[in-house]
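# Reading the structure
Listed here are the chains, written in short residue letters.
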Amino acid sequence: MARVKLTDVKKVYGKDTVAVSDFNLDIADKEFIVFVGPSGCGKSTTLRMIAGLEEISGGTVEIDGVVVNDLQPRDRDIAMVFQNYALYPHLTVFENMAFSLRLKKIPQKIVYEKVTQAAEILGITEYLTRKPRALSGGQRQRVAIGRAMVRDSKIFLMDEPLSNLDAKLRNQMRAEIILLRQKINTTFIYVTHDQTEAMTLGDRIVIMKDGFIQQVGTPTEVFEMPVNVFVAEFIGAPKMNIFKTDLVLENGKYYVTPFGAKIQITGKKGEMLKEKGVESRKILLGVRPEHFILSNEHDKKAIPCKISVNEMMGSELHIHGVEPDGESIVVRIPTITLEDDRRKTLTMGNTIYVTFESKVMHLFDDDTERNILL
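Residues numbered from 1 in each chain as written. Predicted model: local features only at pLDDT ≥ 70, side-chain atom pairs only at ≥ 80, totals over all residues. Heavy atoms only, no water.

Now for the overall build of the protein chain. When its secondary structure is counted, the protein chain shows ten helices and 20 strands. When its C-alpha atoms are laid out on the principal axes, the protein chain stretches across 80 × 50 × 35 Å. Here the protein chain holds 374 residues, and the buried ones make up 47% of them. Of the contacts formed within the protein chain by residues at least 6 apart in sequence, a portion of 67% connects residues at least 24 apart. When the accessible surface of the protein chain is summed, it comes to about 18300 Å², and 49% of that surface belongs to carbon and sulfur atoms. One way to put it: in the protein chain the 50 positive side-chain charges average out to a point 5 Å from where the 50 negative ones average out. (Helix = DSSP H or I, 4+ residues; strand = E, 2+ residues; numbered from the N terminus. Buried < 20%, exposed > 50% of the residue type's maximum accessible area, 1.4 Å probe, protein only. Contact = heavy atoms within 4.5 Å. Areas by Shrake-Rupley, 256 points an atom, 1.4 Å probe, with all protein chains shown as cover. Lys, Arg positive; Asp, Glu negative; His and termini not counted. Charge placed at Lys NZ, Arg CZ, Asp CG, Glu CD.)

With that out of the way, let us pick up the side chain of T186. Mapped onto the elements of the fold, T186 is located in the loop between α5 (167-184) and β8 (187-192). Of the polar contacts made by the side chain of T186, one reaches the backbone oxygen of K154; its length is 2.5 Å. When sequence neighbours within four positions are dropped, the list of residues in contact with T186 reads K30, E31, S153, K154, I155 and F156. (Polar contact = N/O pair within 3.5 Å; in protein donor to acceptor, adjacent residues only side chain to side chain.)

Here we take up the sheet that holds strand β7 (residues 155-159). Spatially, six strands are ordered β6-β7-β8-β3-β9-β10 in an open sheet, and the strand pairing comes out mixed. Whereas interior strands pair on both sides, the edge strands pair on one side only; in this sheet they are β6 (78-81) and β10 (212-217). Each strand of the sheet is rotated relative to its neighbour by a mean of 15 degrees, with strand direction disregarded. Of the pairings in the sheet, the one linking β7 to β8 comprises five bridges and is parallel in character. Paired with M158 across the bridge in β8 is Y190. Lying over the sheet, α5 contacts β3 (32-36), β7 and β8, oriented at roughly 160 degrees with respect to β8. (Pairing = 2+ DSSP bridges. Axes fitted to C-alpha atoms, helices over the stretch in contact; angles between N-to-C directions.)

Once that is clear, we can look at helix α1 (residues 43-51). Judged by how many residues are buried, α1 sits mostly within the fold: seven of nine residues are covered. Buried within α1 are the following residues: K43, T45, T46, L47, M49, I50 and A51. A positive phi of about 95 degrees marks G52, the residue just after α1.

As a further point, take the nonpolar core. Among the nonpolar cores identified, the biggest contains 46 residues, and M97 and I145 are the most heavily contacted of them. Not counting the four nearest positions on each side in its chain, M97 is found in contact with V115, A118, A119, I124, L128, V143, G146, R147 and V150. If you look at the next biggest cluster of nonpolar residues, it comprises 33 residues, including F243, A261, F292 and L373. (Core = buried A, V, L, I, M, F, W, Y, C linked by side-chain atoms within 4.5 Å.)

This brings us to the pairing of strand β20 (residues 362-365). Residues H362 and F364 point to one face of β20 and L363 and D365 to the other, with burial holding for every one of them. Looking at chain direction, strand β14 (residues 281-287) and β20 are connected through four bridges and run antiparallel. Looking at β20, one finds that L285 is bridged to L363.

Any link to function would need more than the numbers given here.
If you want it as structure tokens, here you go:
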């Protein structure tokens, strides 16, 4: 078992610099949890408190029901992978991976078996006699992961392990971490600022801002029902479009009226508004770039948008535009279904018309920025 529970955990530097506050989370055995958020949000500090590398200012950290606040890192049965690999440059790959086992005076035969088994899983067997300087960034990161693997720890802690790699290597290593998780099947706590890593790796995601948890949920939950505007804009790329508009209740039906268009809210979201008894009000309307649909000027639901930038991304176009009131709009358009004649109109200076269905809307309170459906 490797259950981790954090209760009212707090970290204060000096007298009044609060890095983490009111952090409460229950991590199940063999769960893959990802802490994600912008730089300075407290995610790495929280991980280091779990590891014992940072002193806890308040609250408790439990591992398998035992409070570990006062335990040294070596006594917490954890393994940690750092952003900068932290390999000994004068030792070979084998010696780096075996280092912690030799400190524990594990018999040489068992050390050899553990290191070679981990190296085989990670595909670095041929590099065991090399030193770190002779390896690429991705190979060094595999060594760092292998060094953690051989310890057979209850918990794997990973602090932005892919941030020093280029885009291609990051994609490759993400896939390898998913496969690694299936092979060693232990509890993972992973820190990243990259929302793509969070969405692809985590069973659940913990989204943080300014030392506070904003939302905890599965990738699907935080994408489809963000609790506030911060989460809505942080998860998804390009970020969600947010517009000030009106929510109108008219003859028992709900509408939004962005930029002169009038779009009815039907289906589940319309029913939820009715159940909550929501009245007409000012709101923030969120629409993801991929959820816009190309329309035409005769559609009463369409929003005119003058193209300012057209980014060709291969499988899709990212259209940056400005609507008549000066608000910016970003629209993602798949290229596979785009006819040549239509593509030729998607040039800078031209005006396109876009709309969206009610099921993709996100509705936030104009003052609190909280999701009004939650």
